[in-house]
Amino acid sequence: MSTAAAHDDHHHHAPKGLKRWLFSTNHKDIGTLYLWFSFAMFMVGGLLAMVIRTELLEPGMQFVDPEFFNQMTTVHGLAMVFGAVMPGFVGLANWMIPLMIGAPDMALPRMNNWSFWILPFAFLILLSSVFMSAFGAGHPSAPNFGWTFYAPLSTEYGPASTDLFILSVHMMGISSIMGAINVIVTVFNLRAPGMTLMKMPLFVWTWLITAFLLIAVMPVLAGAVTMMLTDRHFGTSFFNAAGGGDPVLFQHVFWFFGHPEVYIMILPAFGIVSAIIPTFARKPLFGYASMVYATASIALLSFVVWAHHMFTVGMPLAGTLFFMYMTMLISVPTGVTVFNWVATMWRGSMTFELPMKWAIAFVILFTCGGLSGLMLAITPVDFQYHDTYFVVAHFHYVLVTGAVFSMFAAAYYWLPKWSGVMPNKLLGELHFWSSLISVNLLFFPMHFVGLAGMPRRYADYALQFADYNFWISIGGFWFGLSQLLFLAVCILCALKKGEKAPARSWEGAEGLEWEVPSPAPFHTYDTPPVVK
Amino acid sequence: MQSTLFHRAAVGLISLMFSGMAVASDWTERSNENLRPGVTGVSQEVYDLHTTILWIVTIIGLLVFGLILVSMVRHRRSKNPNPSTFHENVFLEVLWTVVPFVILIAMAVPATRVLIELDDSSKAELTVKVTGHRWKWEYEYLTYQDDNNIGVSYMSNLATPVEQINNPVLAGGLFPYGTAQEAVGSEFPEKDKNYNLEADKPLVLPSGQKVRFLITSADVIHSFWIPDLGGKKDAIPGFVNETWAVVPEGKEGTYYGQCAELCGKNHAFMPIEAEVVSQEEFQTWLAQKKEEAAAAPDLTPFADLDEAMTLGEQTYKGACAVCHGNNGQGGVGLPFAGSDFATNEEHLDEHIDVLVNGRAAMPAFGAQLSPKEIAAVVTYERNAWGNESGDLIQPQDVQDHE
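No experiment lies behind these values; they were computed from the predicted model shown.

**Student:** Give me the lowdown on the overall build of chain B, citing residues and values where you can.
**Tutor:** Helix and strand counts for chain B come out as 12 helices and 10 strands. Counting every position in chain B, which comprises 402 residues, the buried fraction comes to 38%. Contacts in chain B between residues at least 24 apart in sequence constitute 64% of all its contacts with a sequence separation of at least 6.

**Student:** Break down the overall build of chain A for me, citing the residues and quoting the values.
**Tutor:** What chain A contains, in helices and strands, is 16 helices and 0 strands. Taken over C-alpha atoms, the radius of gyration comes to 23 Å for chain A, in line with the 24 Å a tight globule of 532 residues would show. Along the three orthogonal principal directions, the C-alpha set of chain A runs to about 65 × 50 × 45 Å. Counting the 532 residues in chain A, one finds 64% classified as buried.

**Student:** Break down the sheet that holds strand β9 (residues 253-257) of chain B for me, citing the residues and quoting the values.
**Tutor:** The strands making up a sheet are joined through hydrogen bonds of the backbone, oriented either antiparallel or parallel. Residue and element names in this part refer to chain B. Ordered in space as β4-β10-β9, the 3 strands form an open sheet in which the pairing is mixed. Lying at the two open borders of the sheet, with one neighbouring strand each, are β4 (203-206) and β9. Averaged over neighbouring strand pairs, the angle between their axes works out to 25° when direction is ignored. Judged from the 4 bridges that link them, β4 and strand β10 (residues 272-277) form a sheet pairing that is parallel. What sits directly across from Leu-203, in β10, is Ala-274. Contacts between helix α6 (residues 279-294) and the sheet are confined to β4 and β10, with β4 contributing the most and set at about 135° to the helix.

**Student:** Give me the lowdown on the interface of chain A and chain B, citing residues and values where you can.
**Tutor:** Contacts between chain A and chain B engage 84 residues on the former and 88 residues on the latter. Looking at which element gives the most residues to the side of chain A that touches chain B, the answer is helix α11 (residues 331-345) of chain A, with 9 residues. Tallied by class, residues from the side of chain A that touches chain B come to 55 nonpolar, 20 polar and 9 charged.

**Student:** Give me the sheet that holds strand β2 (residues 136-144) of chain B: which residues, what numbers.
**Tutor:** Residue and element names in this part refer to chain B. If you trace the 5 strands from one edge of the open sheet to the other, you get β3-β2-β1-β5-β8, paired in mixed fashion. Of all the strands in the sheet, just β3 (152-156) and β8 (241-246) have a single pairing partner and so form its edges. Adjacent strand axes in the sheet meet at a mean angle of 25° when their direction is disregarded. The strands touched by α6 within the sheet are β2 and β3, with β3 carrying the most contacts at an inclination of about 95°.

**Student:** Explain the nonpolar core residue by residue, including any values.
**Tutor:** Across soluble globular proteins, nonpolar side chains show a tendency to be buried alongside one another. Counting 257 residues, the largest nonpolar core has A:Val273, A:Phe362 and A:Ala409 as the members making the most contacts within it. Per-element tally for this core: the top contributor is helix α3 (residues 66-101) of chain A, with 22 residues. Taken domain by domain, the makeup of this core includes at least three residues from each of domain 1 (5-119) and domain 2 (126-160 + 196-294) of chain B. When residues no more than four places from it in sequence are discounted, the contact partners of A:Val273 are A:Trp341, A:Ala359, A:Phe362, A:Val363, A:Ser406 and A:Ala409. Membership of the second largest hydrophobic core comes to 16 residues, among which are B:Cys320, B:Leu355, B:Val377 and B:Ile393.

**Student:** Residues and numbers for the environment of A:Gly31, please.
**Tutor:** As for its position among the elements, A:Gly31 is in helix α2 (residues 27-55). Considering only alpha carbons, one finds A:Gly31 and A:His76, 45 residues apart in sequence, at a separation of 24 Å.

**Student:** So what about the environment of B:Glu93? Which residues, and what values?
**Tutor:** Along the chain, the position of B:Glu93 falls in helix α3 (residues 90-119). Separated by 135 residues in sequence, B:Glu93 and B:Asp228 place their C-alpha atoms 43 Å apart. Excluding residues within four positions of it along the chain, B:Glu93 makes contact with A:Gly287 and A:Ser290.

**Student:** Tell me about the pairing of β10(B), and please be specific about residues and values.
**Tutor:** Where β9(B) and β10(B) come together, 5 bridges link them in antiparallel fashion. Counterpart to B:Gly257 in the pairing with β10(B) is B:Ile272.

**Student:** Tell me about the confidence of the model for chain B, and please be specific about residues and values.
**Tutor:** Residues and elements named next belong to chain B. Across chain B, pLDDT averages 84, with 87% of residues at or above 70. Contacts from residues 16-28, a stretch scored under 50 in pLDDT, to residues over four places away or in other chains number 17 contacts. Here the complex is predicted with pTM 0.89, and the ipTM for its interfaces comes to 0.90.

**Student:** Quick rundown of the confidence of the model for chain A? Include the residues and the values.
**Tutor:** Overall, the prediction assigns chain A a mean pLDDT of 93, with 97% of residues at 70 or greater. The low-confidence segment residues 1-10 of chain A, where pLDDT is below 50, has 26 contacts with residues more than four positions distant or belonging to other chains.

What counts, and where the lines are drawn
- Residues numbered from 1 in each chain as written.
- Chains lettered and ligands numbered in written order.
- Predicted model: local features only at pLDDT ≥ 70, side-chain atom pairs only at ≥ 80, totals over all residues.
- Helix = DSSP H or I, 4+ residues; strand = E, 2+ residues; numbered from the N terminus.
- Buried ≥ 20, exposed ≤ 12 C-beta atoms within 10 Å, placed from the backbone.
- Contact = placed C-beta atoms within 7 Å.
- Rg over C-alpha atoms; globule rule 2.2 N^0.38 Å.
- Pairing = 2+ DSSP bridges.
- Axes fitted to C-alpha atoms, helices over the stretch in contact; angles between N-to-C directions.
- Nonpolar A, V, L, I, M, F, W, Y, C, P; charged D, E, K, R; others polar.
- Core = buried A, V, L, I, M, F, W, Y, C linked by C-beta atoms within 7 Å.
- Domains from an automatic or database assignment.
- pLDDT = per-residue confidence, 0-100.

Now the structure itself:
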């Protein structure tokens, strides 16, 4: 079926040292860079969250100024969304899409290099503002308006560092758009003979759909920050009511990007879980075609639900009703994907290796996040839930126990292919159970304080929220520390310490990526495999 | 406090499901885990919707998780070594598309009804304009029954003393109360029951009458939210949003709320305190407020520096400390302590002018503070924290200032 191309390593001169990484055009090396970068940003964003949770341990201001607190919530959100989750999935796409469709590399390797190397500089610019705020003379404020940067808080009232933020977001956007173009071109042009669209692994499908979402909405984000820039410096009034502009317009533009963005961060996760569950249930994925259609309809619907983030801005009744119905509707295809996973497990022959553990935790906890999302869709009740910790709980269930857990599942699943050794079982088990317990201690009580009325982005709170906040903080520190175990697992794999992995690293694994040796050679599929 | 927490969390989860039966009408019986039913008809309907949808998602969740659990137990390799190979079933797939759709329609009907009801703010008896400021609320009474010319407005600030809020850890603030505080021996005062919720001048509303709120902002976006009155509405500069509430007679009391849209540094410190009173009490209160507003400003000079300093300190803490620091050390606003501005005679006129008319980010206080208060604040800022200018500004000086 395949032509594993281990033989061609010797006739290609592979650069060594720093140059290998700096000038790399190899999809595997660039994938590795993306993944390490994503993990580094996950730790940076996590550290900022630790500052938040330390301040919220008890009522009263103990550790930081409310102003610095706002900077922490802002940069935490930006680092996690644009630094950890998005590059993490791009890293997985880089590594796995060519292997899964039998392509020798990504279609546009030099652009691939560029789209990665923009990122470290984008974040250097953004994070420099945090360093200046923490250690610089006079403590100039870092961005402090939340990751949603609503005008006019971010325009007329934004700190000087807002301009660093704007530049940085532009760079991240360029990086994402190039990454998305690369995925689309690769999938449409470099599939091996016989690999028809409806034979592609679901991870490739979900990424293809995600890439279209990215190309559609990243320019909208770029437009939003450009309008901010001209409002701030060139005398325009897009978002300034006093100049004839409209602060609510900002929210419409932002969420027209922001809601598809939510699905950008979850659709690849659907693909990962759809690869892992069949492997360990030893049974083909239930409803492959309906999974493709469900993902596509989620993507389409994601363009007509944006205003559910802004039910309280005072939209006309008809608009509010439209967005409520559309938002409720999106739970139908999402439900279909969950039911498909359960049906895949049903009457399978399951074993629970690490990737499967993470995948099942994903299905259950992501469903929790989906169900609280359905509650949030009910607009009259959303008037109470909106901007409270209930929302914070909701989106952390979909983003942490959803997107991030799926990436852990992916890492444990494909680490043998990447490194050639099996991930350390003991550390892996510890990492899983420790994360699973702490993440729920961290996020579940947020539902309670949110319903009881604690607004989000609060540096200090009323006394009835004190007990839960204490435990939320403990859960936060615990979850944060647990991730060091994952770092240890990755370092061991990178150092090739561990049990040697066979080409088909998991007994029930299907797909082209398991036909090549482990670790995957530097170049694969110089001669395309033939898919029957 | 923590030893009982797991117990409380368990009770909380259960009470979450059944709390529809016990109606907590008083904020003092605050729920720690669930939405409060509130006191208005709308808030109760919202609460019922919440309870219904919570039951629906809980049942769906338990069904799905139950299936996963059963499958994990029964369809593991040790129990089921030969996996089945089925991978589609049209009946099932249609079923789990159609059934959720029907449930959604069942949810959308009551949600739509409440939404339409909420949208109708006509026929209000009292109209109050609520303006969000960084970081306080302004209440302006516009019309009440036939009176279209009330002319009563005031600012409402956080009343929690700054000593209760600031507990820097280096001074033992990690343990601001309880036994740990005694052990460490920090000197921070205990926090009041309504910590961070109480305001100096509450929003006063009559019971049994429909109140329409016109909500806007003077600077950034805020959100006006009193949970017991059923939901929030954003305060947006350049827009006037509407919402309404009727607190039934017999439900008089104090209801607290907080700003719900990030508005900068002191977002967490601009509470809303609504005092709902009977109609007679409200009318008396409004008449008195109208009288105060119509009266000529009190221009009696201060007898001595001490009198001005006392009023000045009080006013400063309410209106100025939030930006300029409790000890004049600055913050969002410029520092006064030891500054040339607050000690040099040359800047005296300018000092009064900035307070009355505002400058750049500094808001104008001419309309919200009396000449006497402005004079006292200027005096205070020029004589406190080691500033020894000796300037005593009299109310007449402020009144004469144009």
